[in-house]
Each structure stands twice: as C-alpha cells, then as structure tokens.
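A closer look at the structure
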Amino acid sequence: MLDLAIRNGRIVDGTGLPAFEGDLGLRAGRIETVGGRLPQGAAARELDARGQVVAPGFIDPHTHFDAQLLWDGQARPALEHGVTTVVHGNCSLSLAPLRAEHRAKLVSMFQQIEEMPDAAFHGAFEWTWEGFADYVAALRGRLALNVAPLAGHSVIRLWAMGADAQKRAATSDEIRAMQDLLRECLEAGAVGLSTSYVDVDENLFPVPSRFAHHEEIAALASVLGEFGRMLQVVPEFYDTDITLARVDQLAELSLAHRIPTTFSPLFDYAAAPANVSRVLARVAEQTARGAQVWPQVQTRPIDISFSLDQASLIFVQTPIWYLVMRLPREQKLRSLRDPGTRTSLLQAAEPNGDPARFAKLRIRDSRDPSLVGRRLGELAAERGTTPAALMIDLSLEEDLGIHFLSASMGHEDPARVGAILANDLVHVGASDGGAHIQSFATYGDTGYLFSEFVRKGGHLSLERAVKKITGDTARIWNLPERGELRPGQAGDVVVFDPDTIGRGEELPVRDMPGGGMRYVRSASGVDAVIVGGEVVYTRSGGYTDARPGVIATS
Amino acid sequence: MSEPVIAGATVVAGHDGEAQLVVRVRYENGALGSVTLDADCARKLMEDCGAESAAELTGQPWQRLLAVLPS
C-alpha cells in the first residue's frame, strides 16, 4: 500500500514538459507512481488536488537559515511557500567548520553582513560542534525541510589561519590544510563552498575570504572537483566590469575542475540599464565554451527602508533634507522642531504644494501598530496635513524610531525582470531567506514568480516557472534525487492553486528568540507541502509536527 | 577631456534594503560606465566633493570616486 496518494491534480513535473492530469503515489519517502488513476484504497492517506497544480517541492539556492534551523527546523515561513529544500551557508559564512574560539567572530560577521540579531545565536541553541560532520549531526532530527549546506570560505580560513585569516595570503601548508578541511566538509554532506569578494566584518574590514589569492581559490576548487560540487561567489556586483572579470574567472575554474559555479546577486536597475545584458552576454560566451557559471537573479523588487535617525542616501537628491539628516542627533531634533527649518524641508519635499513625492511612502514600523503599512498620503489626508509634514511629526513623536519604506526602488521593472528570469542562462534565486530580517521579508519569492511573471506578465509558462525553481535548481546544484516528479525521486511535493499562488503582505512579527522582530510574508495559494513523503504543511491545518527533512546531498 | 569625470549619480536600492548610489563615469573616449556605492562610500564621496546633493557630483574627477572605493 502507498503511504500517500495525491489525487486528481494537474501534474507539472519539473521537466518543463506540458502539465497533465493524474494522481501521484508516494511510498517510503519517495515517489512511486506519477500519472494515471490510482485505485480507491491504494494509500493510507489521500489528498484531493482537484483544480490544483502538483509540482516538485521548490528549492531555494540562496538562504542564510544557518542559525534559524537550529531552533526552527521548519524555517518558517519558507516552508509554507512550498520551499522543501534550502541551500544555506552562502556568502563565505557558515556555522561550521568553526573552532569554539571563533564563534564570537562569526556571530559578529553574520550580524554585520546578514543583519541577524545577537539573540539568534545566543541561548536559542547549544553549540555542540566544531567540525562540519558534527554540525550536520546537530541538524538531523530537527528538520521539516531538506537542507544542502555550503561550507563557508571565511570560516575555513579562520580555522586554518586564525587571526591571520584577515591579514594575509595563505601559505602552501595553510592552503593544504584548507583543502583537507573542505574535503571533510564535502564528505560530511556539504553541497559546496561559498566565498565572497565583497563583504566586510563588524569593523568594516574585509572578511577572511577576501584575503585569498587566486591560487587558494583554485586549490579549493580542485577539491570541489573531486566531488563535482558548487562554488558560490559574491562578486563585486556594484561594478559591471569587475563582475565580467569574475564571470571569466569562474568559467576558468569551472572548466579546469569540472565544477558548477554560481554568483549572486545580479540586479536590474534603471540607473545602470546595461548591467544585466552585459553580464549575461559574457555568461553566454562562457557557457558556449562549456563552463558552468550561473548568475542568480531574485524575483522580487527591492525596497528601501529608512528612518530620519540616519542620513539615508534616499535624501541625497534633496539637499536640505540630506543636510539636516547628517546633523548630530540632538541638533537634528532641534532642527526638525524649528519652524524655519521645517518650512524649508516641506518646500523642498513638496514643491508648489505638490505632495506626490512623499505620498507613496509607507510606514514600515511604528510604536503604533495601526500605522504599519499605511501610506503617508492616505494618513496625511485623514489628519489634514501633508505627507512630508506627517513624516516629520511622526518621527518626532517616536524619537526618530519610526521607519518608512520606499517601495520598488530597484529591480522594479516587471517587463525587464520578467525577460531576465525567463532567460535559460539565469538561475532563479538570491532570496537571502533568513537574512536582513529587520529590513524586509525574504520569503515568498517563489509565489511572486507565479503571480507576477506567469499570471500577470506571462513571461514564463507555468511549466517553465516550476522547472526554474525545481528541476533546473536540482540539476545546477547536483541534487539528482530532487526537482522532478518521477518514480524513485524524493517525495518532496507542493500542491498549489495556479490562479492564486502568491505572497502575502509584508508584516512585522516578534517571533525571534528573545522576542526580536522580523518581517515575514505568509503564503497564498499553497494548499499542501510534502517533504520526504510526509505532509509538513496544509493550508487548512497549518504546520504539522513531522520532521522528515534530510541533508539533501546524503 | 583629460581624465574621466562623474557624469551623474542616482539613488537605487541595494540588496540589503539600503539606499545606494549609482555613479556614472564618462571616460576620455566618451564611453559611459557605472559604479554602485554603498551608503558609507557615497557619504564619503559627497563629503570629499563638498556636494550637498547627488546632482553636485556631476563634473567631479573620477579620482574622487577611486578614493572612496573599498580596497
């Protein structure tokens, strides 16, 4: 008897082939039958998927759930969006391998780079490991979804070189030690190595991986080649020309060591309209040579959050505002209260009385929960004031603690982004799930792919969109048991309504260890999520207690 | 034109939700390039140039830009 039958669904199998009607049967954690009609009573449990799509579980290749998974093995709310496998340990940072004396350093880097709160690392879990195998052992039994952990180059350097990891290039002996350590990580289940050419630590000093010479990267890539595993890179994405050079470097490493490589992020924005096209042209050249270089592109537009407590660059195009925001805090408060300065600020923000510029801004968080999410224009009209005046007044009322949001400031043109996502050379990813949690929600990018670029824009067919975040991802990351619905594959399945799948509103919640705040988005249109043949989430019943997640590389 | 100059600057959103500044550079041969600065680098560039707005960066020599880029 089957363990689970999903009946009457529209099967989109992750290969990109046309959808077809049929049933799906699962047994012992794996897919046993795809298509056709299962006889009544064939399974111990049944789900009716009439009118729904039945697809492979989504795979998110760029997350920072490293710490969260240790207290929340469901990686909420990623799981309810249909994500059944996550890659974590990106951007040179992972929780293993890590000597005990380096834990504080790593936590500081995570806080600086990924904006993760201190409480996420202290008291929320017990550090029981140093080596990668023991870290993987600590994850086992906790997980409701599968993980494919990367080993971070910066922590490997710290292990091998101590404080010198942030001072100099490695010696030959140190490089050999790093190779041995990476080999141990890969044998214990690491899906690859992550490195960064960009990030800085808590003192704004380059992270350890940035001190590596090419010989070190090449030596580590040769170890990746022994396992056919991934090299993930954060290139100097702020400069197109340097990014092109990194594409060439990754291509040479890929060809020399027969490894896949991926880099992230790659953004589209109006201020540098040729950025993506130039990078993709170079990727196409290198792909034609046989290299595997996968640029990761996120689906969601980028918002800017800010408060009047900081001199955000959002004000640099309005000189008087930028001038006031750069003042020392007490002087700034006096200036904002000063009638003359206030008049100057309002005239600059609302020239000729036109409130349009600030009217679209939203309140991101406030002491008054009823204000969160409201547009300044609407709220100002209710209160008989102007949006800019309201921004100043609310900021003074909340001692500059209130935050505002300017939506869709980058990667924001659906027509351009849709065409990029549909490009066969583009790897849909870069969600950053679990990071930047107090700035914006990194959940729901998969739902947004369907709502914005399948239903609304028509840039991808349903089948192609599913393939992009299932079969393609599994192939790129060498996860051969996942990403497609066919007999023998892992029983990772998502059942969703193609007409309503999307992402909910961004909302602040206080569910972090110690009561810390983060932004989340709930799922819409996802009916059921199955991992390893077990139901881990249903729309009607919420999350279950099942913990079927595994190390996806094992 | 004897050296590259800043041809303009625009605020965009960075992947971490912070505002960033895309600075366009016009090279001696007329070609345009762009460099994206994070908040700290952009503030330093504006200070070094004595600029009170992004518009005032236009025409500044690119050496000022090179000076604030991360090493």
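Preceding block: the structure.
This section reports on the structure supplied with the text. This is a predicted model, so every value here is computed, not measured.

1. Some thoughts on the interface of chain B and chain A
With 31 residues of chain B at the contact, the number on the chain A side is 31 residues. With both sides pooled, the region where chain B packs onto chain A buries about 2500 Å², and carbon together with sulfur makes up 60% of that total. Of all the secondary-structure elements, those providing two or more residues to the side of chain B that touches chain A are strand E1 (5–13), strand E2 (19–26), strand E3 (32–37) and helix H1 (39–49) of chain B. For the side of chain B that touches chain A, the leading source of residues is H1(B), giving six residues.

2. Points about the packing of helix H5 (residues 172–187) of chain A against helix H6 (residues 214–227) of chain A
Residues and elements named next belong to chain A. Interaxial distance between H5 and H6 falls to 9 Å at its minimum, and their mutual angle equals 30 degrees. In this view, H5 runs roughly parallel relative to H6, as classed from their interaxial angle. Where H5 crosses over H6, the two elements pack in a sense that is right-handed. Where H5 abuts H6, its residues Ile 175, Met 178, Gln 179, Leu 182, Arg 183, Leu 186 and Glu 187 lie against Glu 216, Ala 219, Leu 220, Ser 222, Val 223, Leu 224, Glu 226 and Phe 227. Per-class residue counts for the contact of H5 with H6 are nine nonpolar, two polar and four charged.

3. Digging into the nonpolar core
In terms of nonpolar packing, the biggest core is built from 115 residues, with A:Leu95, A:Phe121, A:Trp129, A:Leu182, A:Leu231, A:Phe450 and A:Phe496 touching the most fellow members. Setting aside residues no more than four positions away along its own chain, A:Trp129 makes contact with A:Leu70, A:Leu95, A:Ala96, A:Leu98, A:Arg103, A:Asp134, A:Tyr135 and A:Ala138. Ranked by size, the runner-up nonpolar core spans 61 residues in total, among them A:Ala272, A:Leu345, A:Ile402 and B:Ala9.

4. Brief notes about empty space enclosed by the protein
Taken as a whole and judged by the stated rule, the model has six cavities of 30 Å³ or more. Along the wall of the largest cavity there are 19 residues; nearest its centre are A:Asp60, A:Val83, A:Ser431, A:Asp445 and A:Thr446. Taken together, the elements giving at least two residues each to the lining of the largest cavity come down to strand E6 (58–60) and helix H16 (445–456) of chain A. One number sums up the size of the second largest cavity: a volume of about 140 Å³. The wall of the second largest cavity is formed by 16 residues, among which A:His62, A:Cys91, A:Pro265, A:Asp432 and B:His15 lie closest to the centre. Looking at the lining of the second largest cavity residue by residue, the classes come out as seven nonpolar, five polar and four charged.

5. Considerations on the sheet that holds strand E15 (residues 403–410) of chain A
Residues and elements named next belong to chain A. Pairing in this open sheet of three strands is antiparallel, and the strands run E13-E15-E14 from one edge to the other. Single-partner strands in this sheet number two, and they are strand E13 (302–306) and strand E14 (362–365). Each neighbouring strand pair of the sheet contributes to a mean axis angle of 45 degrees, computed without reference to strand direction. Note that E13 and E15 share four bridges and pair antiparallel. Residue pairing in the sheet places Ile 304 in a bridge with Ser 406 of E15.

Rules and cut-offs
Residues numbered from 1 in each chain as written. Chains lettered and ligands numbered in written order. Predicted model: local features only at pLDDT ≥ 70, side-chain atom pairs only at ≥ 80, totals over all residues. Heavy atoms only, no water. Contact = heavy atoms within 4.5 Å. Buried area = accessible area lost by both parts, 1.4 Å probe. Helix = DSSP H or I, 4+ residues; strand = E, 2+ residues; numbered from the N terminus. Axes fitted to C-alpha atoms, helices over the stretch in contact; angles between N-to-C directions. Parallel < 35°, antiparallel > 145°, perpendicular 65-115°, else oblique. Left-handed = near helix turned anticlockwise from the far one by under 90°. Nonpolar A, V, L, I, M, F, W, Y, C, P; charged D, E, K, R; others polar. Core = buried A, V, L, I, M, F, W, Y, C linked by side-chain atoms within 4.5 Å. Buried < 20%, exposed > 50% of the residue type's maximum accessible area, 1.4 Å probe, protein only. 1 Å grid on protein atoms, 1.4 Å probe; cavity = no way out; pocket = protein on both sides within 12 Å on 5 of 7 lines; lining within 4 Å. Points joined across faces, edges and corners; volume = space filled by probe spheres on them. Pairing = 2+ DSSP bridges.

The analysis is restricted to geometry; functional conclusions fall outside its scope.
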